[in-house]
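# Descriptive structure summary
What follows is the residue order along each chain.
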Amino acid sequence: MTKLSAEAKLPGVSVVIVNQDKIVYKKSLGWANRENKQPFTINTIENIGSVSKTFIAVALMKAIEKGYFTLETDINTILPFKVANPSFPNQPILIKHLVTHTSGIIDNDSIYHRSYLFRHTATIDPILQTFMHQYGYVGGIQDTTLQSFLQNYLTPKGTLYTQKNFYPSSPGTRSSYSNIGSALLAYLIEVKAGMSFADFTQTNILKPLRMHHSSWFLEKPIQNQHATPYFTTEIAIPFYSLITYPDGGLRTSAQDLSNYV
């Protein structure tokens, strides 16, 4: 592990191995913050990216268990706005299509990258700034709630709508990994539960599993234990959040994640 982390030039890393009963191995190396010499530990909090989608899957199973819908449910029987592939307007998009990434909803990166909301500091490294502008991480989206983003992205009258947000293929026929499709699935759970997806997962997953140091948002108690996100070993990325937070926004520690595993 020491060799691998050195070769990959990771500022800090933590590994926990579990069996069905307990933690059998744990090891942390490096720094959560290089400048302050803050050690990286199994309790250091970081964004886990698309591993967050597994929490959508668990929440989905809980929603089905509660009788909110089934895998065969047409999403338009739940949504407060209508979503249809413009090339196949009469073909229903089902829950199972969102689960299997075959809904036809795709990530239009020219829009999706703007949904990352960075907390810009007074200065930002020119190399990082060039990268962010090159790949469209420039923000500027006005409606920053999950519902408003999805409605604007997926409905013809929406400010972010374009036919490029969909594949010209019938639902269920073509697979394409979709962050926005995953976020829509989380929003469907939100609608049926009558609470935010964050609150639903807090009640049904994080709290029962004693994941007490996990959150979808960069709250102050979390931030105090959060690893600095690095672009390179020397350049830090500003802290950020995601409008479509269920698809990649969970912040947790190796310790908390071992409870989940």
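Described in the following lines is the structure provided in the data block. (Residues numbered from 1 in each chain as written. Predicted model: local features only at pLDDT ≥ 70, side-chain atom pairs only at ≥ 80, totals over all residues. Heavy atoms only, no water.)

## What about unusual backbone geometry?
- Phi angles above zero are rare outside glycine, and Lys 9 is one such case at about 55°.
- In this model, Arg 210 sits at a positive phi of 60°, which is unusual for a non-glycine residue.
- As for its position among the elements, Arg 210 is in the loop between helix H8 (197-206) and helix H9 (220-223). (Helix = DSSP H or I, 4+ residues; strand = E, 2+ residues; numbered from the N terminus.)

## A few points about the layout of surface pockets
- Of the volumes computed, that of the largest pocket is approximately 380 Å³.
- Lining the largest pocket are 24 residues, and of these Glu 46, Ala 227, Thr 228, Pro 229 and Tyr 230 lie nearest its centre.
- Broken down by secondary-structure element, the contributors of at least two residues to the lining of the largest pocket are strand E1 (12-18), strand E2 (23-33) and strand E4 (45-47).
- Partitioned by chemical class, the residues of the lining of the largest pocket number 14 nonpolar, seven polar and three charged. (1 Å grid on protein atoms, 1.4 Å probe; cavity = no way out; pocket = protein on both sides within 12 Å on 5 of 7 lines; lining within 4 Å. Points joined across faces, edges and corners; volume = space filled by probe spheres on them. Nonpolar A, V, L, I, M, F, W, Y, C, P; charged D, E, K, R; others polar.)

## Considering the sheet that holds E2
- Judged by pairing direction, the sheet is antiparallel, and its three strands sit side by side in the order E1-E2-E3 without closing on themselves. What marks the edges here is a single partner per strand, and that holds for E1 and strand E3 (38-39).
- With two bridges connecting them, E2 and E3 associate as antiparallel partners. Within the sheet, the bridge partner assigned to Asn 33 lies in E3 and is Gln 38. (Pairing = 2+ DSSP bridges.)

## Remarks on the packing of aromatic side chains
- Within this structure, the stated rule accounts for 17 aromatic pairs.
- Taking the centre distance of 3.8 Å and the plane angle of 10° together, the rings of Phe 55 and Tyr 260 count as stacked. Pair noted here: Phe 55 is in helix H2 (residues 53-65) and Tyr 260 is in helix H10 (residues 254-260), with a separation of 205 residues, a long-range link. Accessibility assignment for this pair places Phe 55 and Tyr 260 in one class, buried.
- Between the aromatic rings of Phe 118 and Tyr 240, the centroid separation amounts to 5.6 Å while the plane-to-plane angle is 50°, which identifies the pairing as tilted. Remark: Tyr 240 occurs in strand E6 (residues 240-242) and Phe 118 occurs in strand E5 (residues 116-118); sequence separation between them is 122 residues.
- Under the relative-accessibility criterion, Phe 118 is labelled buried at 18%.
- Overall, the relative accessible area of 21% leaves Tyr 240 in the partly exposed class.
- An aromatic cluster is defined as three or more aromatic residues linked by ring pairs; in this entry it consists of Tyr 112, Tyr 116, Phe 118, Phe 131, Tyr 135, Tyr 137, Phe 231 and Tyr 240.
- One cation-aromatic arrangement involves Arg 174 over Tyr 167; the distance from NZ or CZ to the ring centre is 3.6 Å. (Phe/Tyr/Trp six-rings, centres within 6.5 Å; stacked < 30°, edge-to-face > 60°. Buried < 20%, exposed > 50% of the residue type's maximum accessible area, 1.4 Å probe, protein only. Lys NZ or Arg CZ within 6 Å of the ring centre and 35° of its normal.)

## Looking at the packing of helix H6 (residues 146-154) against helix H7 (residues 179-193)
- Between H6 and H7, the shortest axis-to-axis distance is 10 Å and the interhelical angle comes to 125°. Taken as axis vectors, H6 and H7 run oblique relative to one another. Handedness of the H6/H7 crossing: left-handed. Each of Leu 146, Gln 147, Phe 149, Leu 150, Tyr 153 and Leu 154 in H6 lies in contact with H7, whose residues at this interface are Ile 180, Ala 183, Leu 184, Tyr 187 and Glu 190.
- For the contact of H6 with H7, the per-class residue count stands at nine nonpolar, one polar and one charged. (Axes fitted to C-alpha atoms, helices over the stretch in contact; angles between N-to-C directions. Parallel < 35°, antiparallel > 145°, perpendicular 65-115°, else oblique. Left-handed = near helix turned anticlockwise from the far one by under 90°. Contact = heavy atoms within 4.5 Å.)

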